[in-house]
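Summary of structural features
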Amino acid sequence: NNFEGIITDYEDQNCSIAGLYRDPRGTLYHPHTRESIALGTIAVEEYARPEWTFNRVLYCDKEGLLEILKEAGWPERNDCALVSSKGFTTRAVRDLLDLLGDSGEPLQVFCIHDADAYGTLIYETLVEETKARPKRRVQVVNLGLEPWEAVENGLAVEALDKGPDRRPVASYVVEREDGARWEEWLQTKRIELNEMTTPQFMRWLDGKMERF
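Residues numbered from 1 in each chain as written. Predicted model: local features only at pLDDT ≥ 70, side-chain atom pairs only at ≥ 80, totals over all residues. Heavy atoms only, no water.

Glancing now at the overall build of the protein. Along the protein, the regular secondary structure elements total 10 helices and 8 strands. Over its C-alpha trace the protein gives a radius of gyration of 18 Å, about what one expects of a compact globule, namely 17 Å for 212 residues. Viewed in the frame of its principal axes, the protein has a C-alpha envelope of about 45 × 45 × 25 Å. A total of 212 residues make up the protein; the buried ones form 47% of that total. Partitioning the intrachain contacts of the protein with sequence separation of at least 6 by distance along the chain shows that 71% fall at a separation of at least 24. One finds the centroid of the 26 positive side-chain charges in the protein at a distance of 2 Å from the centroid of its 39 negative side-chain charges. (Helix = DSSP H or I, 4+ residues; strand = E, 2+ residues; numbered from the N terminus. Rg over C-alpha atoms; globule rule 2.2 N^0.38 Å. Buried < 20%, exposed > 50% of the residue type's maximum accessible area, 1.4 Å probe, protein only. Contact = heavy atoms within 4.5 Å. Lys, Arg positive; Asp, Glu negative; His and termini not counted. Charge placed at Lys NZ, Arg CZ, Asp CG, Glu CD.)

One finds Leu58, Leu69, Trp74, Ile112, Phe201 and Leu205 to be the most contacted residues of the largest nonpolar core, which totals 31 residues. If you list the elements that add at least two residues to this core, you get α3 (63-71), β4 (80-85), β5 (108-112), β6 (140-144), α9 (179-188) and α10 (198-209). Of the residues forming this core, the biggest block, 5 residues, is contributed by α10. Those residues in contact with leucine 205 that sit more than four places away from it in its chain are Leu58, Leu69, Trp74, Ile112 and Leu143. (Core = buried A, V, L, I, M, F, W, Y, C linked by side-chain atoms within 4.5 Å.)

The next point concerns the sheet that holds β4. Taken in spatial order, the 6 strands of this open sheet run β2-β1-β4-β3-β5-β6, and their pairing is mixed. Each edge of the sheet is formed by a strand with only one pairing partner; in this case those strands are β2 (36-38) and β6. Neighbour to neighbour, the strand axes of the sheet diverge by 20° on average, direction disregarded. Its contacts with the sheet place α3 against β1 (26-29), β2, β3 (56-59) and β4, and it is angled at close to 160° to β4. Contacting β1, β3, β4 and β5, helix α5 (residues 91-101) runs over the sheet at an angle of about 160° to β4. (Pairing = 2+ DSSP bridges. Axes fitted to C-alpha atoms, helices over the stretch in contact; angles between N-to-C directions.)

What follows concerns the packing of aromatic side chains. For the structure shown, the criterion picks out 5 aromatic pairs. Ring centres of tyrosine 123 and tyrosine 172 lie 5.7 Å apart, and the angle between their planes is 85°; on these two criteria the pair is classed as edge-to-face. Highlighted residues: tyrosine 123 in helix α6 (residues 117-127) and tyrosine 172 in helix α8 (residues 171-174), separated in sequence by 49 residues. With relative accessibility at 14%, the residue tyrosine 123 sits in the buried group. When its relative accessible area of 22% is taken as the criterion, tyrosine 172 is described as partly exposed. Feature note: the residues Trp148, Trp182 and Trp185 constitute an aromatic cluster, connected by ring pairs. Residue placement shows arginine 176 over the ring face of tryptophan 148; its charged tip is 3.7 Å from the ring centre. (Phe/Tyr/Trp six-rings, centres within 6.5 Å; stacked < 30°, edge-to-face > 60°. Lys NZ or Arg CZ within 6 Å of the ring centre and 35° of its normal.)

Turning our attention to a nonpolar patch on the surface. Judged by side-chain polarity, Tyr10, Ile17 and Leu20 come together as a nonpolar surface patch covering roughly 250 Å² of accessible area. Along the chain, isoleucine 17 turns up in the loop between α1 (2-13) and β1. Residue isoleucine 17 is classed as partly exposed on the basis of its relative accessible area, which comes to 31%. (Patch = residues over 30% accessible without salt bridge, like charges linked within 9 Å, V, L, I, M, F, W, Y side chains within 5 Å. Areas by Shrake-Rupley, 256 points an atom, 1.4 Å probe, with all protein chains shown as cover. Salt bridge = Lys/Arg side-chain N within 4 Å of Asp/Glu carboxyl O.)

The next point concerns the pattern of salt bridges. What the rule picks out here adds up to 13 salt bridges. A salt bridge links arginine 190 to glutamate 158, with the nearest nitrogen and oxygen atoms 3.9 Å apart. Here the residue arginine 190 occupies a position in strand β8 (residues 189-190), and glutamate 158 occupies one in strand β7 (residues 158-159), the gap between them amounting to 32 residues. The exposure class assigned to arginine 190 is buried, which follows from its relative accessible area of 17%.

On to the packing of α3 against α10. Where α3 meets α10, the axes come as close as 11 Å, and the angle between the chain directions of the two elements is 80°. When the axis of α3 is compared with that of α10, the two are roughly perpendicular. Contacts between α3 and α10 involve Leu65, Ile68 and Leu69 from the first element and Thr198, Phe201, Met202 and Leu205 from the second. In terms of residue class, the contact of α3 with α10 is built from 6 nonpolar, 1 polar and no charged. (Parallel < 35°, antiparallel > 145°, perpendicular 65-115°, else oblique. Nonpolar A, V, L, I, M, F, W, Y, C, P; charged D, E, K, R; others polar.)

As structure tokens, then:
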């Protein structure tokens, strides 16, 4: 982690290091062709968007949920590519979304995540500027799951140890009128997408997508 931090700081202050590539830590799934591409910086550098194959992209860090969608034929029904990565979004994922948005074909990008502090930051770091990359050039719609929505839907709440340090929370949560309440809630509680059964998850996601 120390080494990665040094490299990130160096590239932020100078420029990207020529010939330095990151290993794949995610996957891109094409609907209709059913092709899966391991997402590392080399793969994205060599990637070309297939013509008129999809006009939507769904990002989720939970690869198991995306497997459920693939088995149900959801990407094909929605002309939607699926993108995942392990943990926070990688440079490769961010570069891919910008590349897809620059292709000239219509594109909508959506993000789903757990209702926890970490999940809110997954969306925020995907969209906003970081040391590694500038702000996204394509709009990303946050579909949730948000804590207020999950609580209202009666999903099971998992208790967390408070710990010595406060958990950082995305600014879009803090800036809500009731943001202080939910910021405190996220210090000791979470609700995962996996709390939904597969039918619940599918209905929830379809309901979200119907708005667009």
